[in-house]
Every structure is written in C-alpha cells, then in structure tokens.
Amino acid sequence: MTTVTLTATATCTAGAARVVSGTPEKPGLAQPVTRRLLVERAGFLTALVQRLAGGLLATAWAEQHLDQLASGVDAEGRRLPAKGWMALRRLGWTPLIPAGLRVPDRVRRAAEEETARALRLALHRRAVTTAIIATWPADPRRRTTDDWVLLRRHLPAGTDNVTIRNRTRQIASFAARHGRLPDGFTELETPPTIPAQVLLAAADRQLVRVGRLDEVRARVWVQLPTVPAPASYRDWAWHDITVTLPPTVGPDTKLCTPTLRLRDGKVRLDLPFDTTVEAAPLAGHRRAIGADWGYNTLLTAVVAEPGPDDTVVCSGRALRFDAAGVSRKLDRLRAHRETLKTKVTHLERLAAGRHSGLDPASTAKLDLLREEHQRVCARIRNLGRALAWSAARWLIDQAHAAGATVVYLEDLTCMEAPGSSKAWNRRLSNATRGVLADAVRHLGMREQVAVVTVPARGTSSGCPRCGNKLRHIQAPDNHKPANPWALCGCGHSADRDYSAAQRIAARGLAGQHRTTRNRAGQATVRDTVDAPVRRTKTTTPRPAASRDKHRPTPSRPRRREASRVPGFSPAALATAGSRPAPTKAVQRPAGRTPQNLTVQVPGTTRSHTFSSNHTRTRHRVRWAVLGRGFHHHVNSTPLQQRAGPHGGETPGTPRIAQEN
Ligand SMILES: [Zn+2]
C-alpha cells in the first residue's frame, strides 16, 4: 500500500516568549518578553514586509511585467523557478530598501514571495479580463450564443459564470465612467493590498526555526526587529516562542515553517503540518457512495455496489444533507452585503465628486459601513466554510457507516451552472462547493476513503436505469416542467438528486479501473462509462400494512397528563369530581428528547446524536475533532445503525439486498 503526505494548517497563538542573545546554536542570555512587546516586534516585521512587498508590487504592476511573468520564462528563455521569490530574483525584480534600513536577505525573500503570490494570483484574473475585453459584446448585459462561443474560446479553462459576470460588470462600469474600454488589466485594477503577514516559509534557518518541545508544544525561533526601522543587525534579535499545538496536530506529525501574522492583539502562527497516511486504493471497490451536489438539498448520496452483468445495484435509501436553514442565513447575509456595498459606493462617489471631501459625519458613517461590510464578508466566508466542512464530515462518516471504501463526486471543473443560476446559488456558492470538494478529499485521505471525481455531464439529465433523457417535473403527481423530480419512460421516477447520485455512483464503479490521479494528485475518472442501475428494495423494510395504505395512520394513544403528576391518579380525579383531566398534549420541555441515540462512527472516536424515531431529523453536527463551532441546525440523514449481523457482515454495515 502506498503512503501519501497530507498537509493541513493549524492556527496557533504565540505563548510565552523570550528574547535570546546569540543564535539558536549558541544561545546567550535569555530574557522573557511580555506579550505586548512580542506583538509590537512582530508588528514591526509584518509592517516592514508589507512596505517592501507593496513597493515592489507597485513597480511590477505593468502590462509588460505581467506578460513576462505569465510567459513563465526569463529574458534568456530559461524556465522560471516555481518558488515565487526565486522567480522574481531571476527577473531582476527586487524590493527597494529605504536608505538607512538594514534588512536581512531572508526578510527580503519573504517580501518577494508575498509580491510573487499577489502577481501570480493576478495573472488568472488578468487572463479572464483580457478575454472579456477582447470579445466585448455589443450588449454586455445579454450575450448572444455567438458571443458566448467566442468568449469561451478565449477564456482560461474552468472559468465559472459568476466570475464572468462580475468581471463583465467591472469592465462595463469602467466603460461607463471613461467612455471607452480599458487598455489592459492594470488600468482596470489597482495593485492588491499586501496582507500584513510574513511568509516565513520563503526564508530559511537564518530567520526561522521550528521544532517540537514535547507532544503538545512546539518551539518557534524567529528573528524580529527590536525597533520599527532597524538600522543595523544589532536591531534584530532571536525570539524563542512557545506554541501550544491544537489536538488536531498529532504527536507523529511533521511541523513545517509557519506564517506569522497579528490578529486580535495576539501573534498568530499558521503552522502547516504533514501527516503520512496510507492512501486508499483507487480501484477494486466493492461498495461505494455516490454523492450529488444537490438541487433540492446540499448533498444527496446513495450506497451502491457492483451488481451482476455489469450493472450497479443502488440502495433504495437516499442519504441527505440538507442545510436549507444555513443557506437561507447565507442568502440574508449576501443581501445585507449588497446593501452595504451600495451605500459604501454611494458615499465614495459623493466624496470623489466634492473638492472638500465628505463632512465629518458622513466620513464616520463611511468608515462604519466599510467595517460592517468587511465583517459581513468574513461572516459569509466563515459560515460557508463551516457548512462545507460539516457536510464533508457527514459524507465521510456515512461512507464509514455504510462500509463504503470510495466516494464518487461530480467533477466541479467540468460543471456548468444550470440555466437558472439564481436558484443554484441559493444552495451553494462556487467557492463553498470548492471548499466542500477539498474538505471531502482531505478527510477521505486521512481516513482511507478514496474520493474520486467522475465527469459531471449528463448525471442529472440521463436516466440511471436506461440512460435516456429524463423529464424534470415538479412532483410525481404534478407533471409541470420544473426541477425537483425526475421521470423516465422506462418507469424510473425519483427525486432528481437521488437519481443523479445513482448515476454518479454507477459511473464511478463502472469506470473504477480507469481511475487516475491528475497533476494535483486528485483521483479522477475521465471517461464516461455508464452502467445501468438496478435499485434494491429499501434497506429499512416497512411494515406490510403501509404498502397498501389508504387511510391516515392513527395517532398513538397518549398518556393522560394527569397520571404523570406524582401521587395523583385519574381515579382520585374522578372521585374529586372537579376539573376533568387535561386531554391536550402538553409541550415537551426544551432539551434532549428521551429517544436520543448516540451512534459511534465505526473506526473513529466520533459520535453523532440523533432522535431515533425520525429518519430525517434535526441534529447538530458535532465538531469534537476539529474543534469548530457550527451553531446552525441541518437536516441530515443520521448514520444508519443496524442491529445484528447480516450474513456474517460486521454490525453497523447496511446490507444491500439483491433485486431479483
Ligand atoms: Zn429510464
């Protein structure tokens, strides 16, 4: 079995620190440094790097420079190094050191790395912008089919529609202001702001060292300036910082060089760590989970197995992760963000139009609005990320519970947003979907579940049983064209997402022997091989009576409220002859219901809590492992726990009955 290295980043806060004379090899006198002083000195370093990088970025922000960087070769035609700071040095772009400042070469490297990353990120935006300007349509609000074809030919592969829309709006607004199209990307956009952080990974042992103190603590040695403008090397000193590691960083992980930044008056260290894990095999799977980025729900999954005669047998039970509540919250936040943005833009326009600038009250208002806008943006980002990670956790837990060794997903890069992008965006933004895909891959890799993408084309439009085109309707009893339900002439009639999940699982299992890894190491099946799906009977057998049901299920007899009161019997009530016993159900007090079950996820220390008398119930996704709070409820299928073994299988593994 092959092993792979998995890199994750833990955000740590700097603990106790000491300033040490001499070097880490020959430490001299050590003096404790207060937290305040440490924050101040780390602030000197981040400000210095920001200043150097900002200056360099401003000089490099020109079309000919970006062309040079995009070409990937230097003036002599040699390939540019992958490391950003090395590439910039090869091109001869170095930051200007202000007179009188003494800056170690390693700090310059960190600044160059920061600049290189900003420039390389800009290259993608520039490619999109250049393509849109080159193919500017007659009416930018509505492109014709020919316009789209032409644009797609110029765009970098995998550009999504939201990016195209936003860039088009940006260029249209420039054209409205200037009466012409921008000459190039650098005229349209100013250089981005360099974040206040130091990428210590660009430096080496002369600036930073990382090691473990014990299983739960690490030690970071870093050179920090002791004054805002260091004039000689005497103004730089080694600082020995102790960092407590979060529980996600196991004792057998390898610590890498961190990124240093300030946050909430503390020194933060984003510490990457490598874990070596056994890679799950790409082929030879006997049970799989196919998951669809749902239209009705966030994720819809189904358990599938290879069946006889090159068919695939799918379980009749759809596994759902429905975060409609969180999605609505995200919608509200997005609307709020737009309102704030409009107000900010309005005030900025006012300020630009006046020679004297804004009055103090409006300036204060503008600052407040900008701050609020930043906060709302951060909230949207964090909530989206938390949602994506909890959905990924749920999916991998479902795979464990079902005994599946592989999860098949749609390939996001070849997916096009459907016609009504508005409805699609309500569910999940592109960014969140990307985070979700990465999170599923990460968790899968850590827990030996292969995560493989399959081509997205036709997964929701084709019938999983016969492959013909599906009809999408409102509901099985309402054939109005709409999205929620899928119907086929062969008799297939199912929820749209469930139907798509079946097709994804079948496509993955049928093509599993052609699974390859792309350059980024992600497992993928490139060829579309569709196997006909046979559905089994539902794995949770229903009572026979419910099959020919023609009347509502009678409600269960309720216990009389009076009998619950200690020392109080209905007989006593009858003899007293006063008030009759209450017949209305009394509301259950808040808190855990007595039917709550806690299910251990097989092979882990994690558990899911859910109410036993519902198949789809509100339950909170617990974050014991990653230590993240996720305070919104989601409706998701709980992990199935089956009592008793089936034909020698381990308990907790749902069995798929063969359809005869
Ligand atoms: Zn069909």
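In case you missed it, the structure is sitting above this.
A brief look at the structure comes next. (Residues numbered from 1 in each chain as written. Predicted model: local features only at pLDDT ≥ 70, side-chain atom pairs only at ≥ 80, totals over all residues. Heavy atoms only, no water.)

**As for the overall build of the protein chain**
Heads up, the condition is: Only DSSP runs of H or I with at least four residues qualify as helices, and only runs of E with at least two residues qualify as strands; both kinds are numbered from the N terminus onward. For each residue, the accessible area found with a 1.4 Å probe, counting protein chains only, is set against the maximum for its type, and the residue is called buried under 20%, exposed over 50%, and partly exposed in between. Contacts were defined at the residue level, with two residues in contact if any of their heavy atoms lie within 4.5 Å. For accessible areas, the Shrake-Rupley method is used with a probe of radius 1.4 Å. Any residue's cover is judged against the shown protein chains and nothing else.
Within the protein chain, the secondary structure is distributed over 13 helices and 26 strands. For the protein chain, the proportion of its 660 residues judged to be buried stands at 45%. Of all intrachain contacts in the protein chain linking residues separated by at least 6 positions in sequence, the fraction that spans at least 24 positions is 65%. As presented, the protein chain carries roughly 35,500 Å² of accessible surface, and 51% of it is formed by carbon and sulfur atoms.

**Points about the coordination of the zinc ion**
Worth spelling out the cut-off: Note on donors: an N, O or S atom is included if it sits within 2.8 Å of the metal, or within 3.2 Å for Na, K and Ca, and water is never included, so sites can look incomplete.
Coordination of the zinc ion by the protein involves Cys-463 (SG), Cys-466 (SG), Cys-488 (SG) and Cys-490 (SG), with metal-donor separations of 2.2 to 2.3 Å. Mapping the donors of the zinc ion onto the primary sequence yields the spacing C-x2-C-x21-C-x1-C. With a gap of 22 residues between them, Cys-466 in the loop between strand S15 (450-454) and strand S16 (471-475) and Cys-488 in the loop between strand S18 (485-487) and strand S19 (493-495) connect regions that are remote in the sequence. A relative accessible area of 12% means that Cys-488 is categorised as buried.

**Observations concerning the pattern of salt bridges**
Test applied: Salt bridge, as applied in this entry: a Lys or Arg side-chain nitrogen positioned within 4 Å of an Asp or Glu carboxyl oxygen.
Scanning the entire structure with this criterion turns up 37 salt bridges. Notably, a salt bridge pairs Asp-264 with Arg-263, separated by 3.9 Å at the nearest N-O pair. A relative accessible area of 63% places Asp-264 in the exposed class. Given a relative accessible area of 46%, Arg-263 falls into the partly exposed group. A salt bridge links Asp-495 to Arg-320, with the nearest nitrogen and oxygen atoms 3.6 Å apart. You can see Asp-495 sitting in strand S19 and its partner Arg-320 sitting in strand S13 (residues 319-322), a full 175 residues away along the chain. Judged by its relative accessible area of 11%, Asp-495 is buried. Judged by its relative accessible area of 16%, Arg-320 is buried. Via salt bridges that share partners, Arg-89, Asp-105, Arg-106, Arg-109, Glu-112 and Asp-204 belong to a single interconnected network.

**Let's talk about unusual backbone geometry**
Unusually for a residue other than glycine, Asp-264 sits at a positive phi of about 50 degrees. Residue placement: Asp-264 occurs in the loop between strand S8 (259-263) and strand S9 (266-278). Located in the positive-phi region is Gln-448, a residue other than glycine, with phi close to 55 degrees.

**Some points on the nonpolar core**
Where a protein is soluble and globular, its nonpolar side chains tend to be buried together. For clarity, the cut-off: To form a nonpolar core, buried Ala, Val, Leu, Ile, Met, Phe, Trp, Tyr and Cys residues must be joined to one another through side-chain atoms within 4.5 Å.
Membership of the largest hydrophobic core comes to 59 residues, with the highest contact counts inside it found for Leu-38, Leu-69, Trp-93, Val-107 and Leu-119. Elements supplying a minimum of two residues to this core: strand S1 (3-22), helix H1 (35-60), helix H2 (63-71), helix H3 (84-90), helix H4 (105-134), strand S5 (217-225), strand S6 (236-244) and S9. Looking at this core, the element that brings in the most residues is H1, giving eleven residues. With residues near it in sequence (within four places) discarded, Leu-69 still touches Leu-80, Leu-88, Leu-91, Trp-93, Leu-119, Arg-120 and Leu-123. One finds Leu-319, Phe-321, Ala-404 and Val-407 within the second-largest nonpolar core, a separate group that totals 42 residues.

**Section: the packing of aromatic side chains**
Going by this rule: In summary, the pairing rule links any two rings of Phe, Tyr or Trp, Trp by its six-membered ring, whose centres are within 6.5 Å, and it sorts them by plane angle into stacked for under 30 degrees, edge-to-face for over 60 and tilted for everything else.
The final tally for this structure, using the stated rule, is three aromatic pairs. Ring centres 5.6 Å apart and planes at 50 degrees place the aromatic pair Trp-61 and Phe-185 in the tilted group. Here the residue Trp-61 occupies a position in the loop between H1 and H2, and Phe-185 occupies one in helix H7 (residues 185-188), the gap between them amounting to 124 residues. With respect to class, Trp-61 is no different from Phe-185; both count as buried. Look at Phe-321 and Trp-394: their rings are 5.4 Å apart centre to centre, the planes differ by 55 degrees, and that puts the pair in the tilted class. In this pair, Phe-321 is assigned in strand S13 and Trp-394 in helix H9 (residues 360-402), connecting sequence segments 73 residues apart.

**A few points about the sheet that holds strand S17 (residues 478-481)**
What counts here: Paired strands, in this sense, are two strands between which DSSP finds at least two bridges. Comment: axis = line fitted to C-alpha atoms, over the contacting stretch for helices; angle = value between 0 and 180 degrees taken between N-to-C directions.
A sheet is described by the order of its strands in space; here four strands give the open sequence S17-S16-S18-S19, paired in antiparallel fashion. The open sheet has two edge strands, S17 and S19, and neither has a second partner. Between one strand axis and the next, the sheet turns by 40 degrees as a mean value, whatever way the strands run. Strands S16, S18 and S19 of the sheet are contacted by helix H12 (residues 496-510), whose axis makes an angle of about 100 degrees with S19.

**A closer look at the environment of Asp-495**
The line we're drawing: Residues adjacent in sequence count toward polar contacts only when both atoms are side-chain atoms; beyond that, a polar contact is any pair of N or O atoms within 3.5 Å, and within protein one must be able to donate a hydrogen and the other to accept it.
A sequence separation of 22 residues divides Asp-495 from Ile-473, and the C-alpha atoms of the two residues are 9.8 Å apart. Within the structure, Asp-495 has its side chain in polar contact with the backbone nitrogen of Tyr-498 (distance 3.1 Å).

**What about the environment of Leu-260?**
Inspection of the secondary structure assignment puts Leu-260 in strand S8. For Leu-260 and Leu-45, which are 215 residues apart along the polypeptide, the C-alpha to C-alpha distance reads 9.3 Å. Residues contacting Leu-260, with those up to four places away along its chain left out, are Ala-42, Thr-46, Gln-197, Val-198, Leu-200, Val-267, Arg-268 and Leu-269.

**Quick look at the pairing of S9**
Summarising burial for S9: ten of the 13 residues are buried, a large majority. Alignment of S1 against S9, held across eleven bridges, turns out to be antiparallel. From the neighbouring strand, Thr-9 faces S9, where its bridge partner is Pro-272. Looking at chain direction, strand S7 (residues 254-255) and S9 are connected through two bridges and run antiparallel. Along S9, the bridge assignment pairs Lys-254 with Asp-274.

**Comments concerning the pairing of strand S11 (residues 299-306)**
Along S11, seven of the eight residues are buried, which leaves the element largely enclosed by surrounding structure. Looking at chain direction, strand S10 (residues 288-293) and S11 are connected through six bridges and run antiparallel. Note on S11: the bridge partner recorded for Asp-292 is Thr-300. Bridge analysis of S11 against S13 gives three bridges, and the strand direction is antiparallel. When the bridges of S13 are listed, Thr-300 appears paired with Arg-320. By the bridge criterion, three bridges tie S11 to strand S12 (residues 312-314) in an arrangement that is antiparallel. The residue of S12 that forms the bridge with Glu-305 is Val-313. Connecting S11 to the next strand, S12, in antiparallel fashion are five residues, including Asp-309 with a positive phi near 55 degrees.

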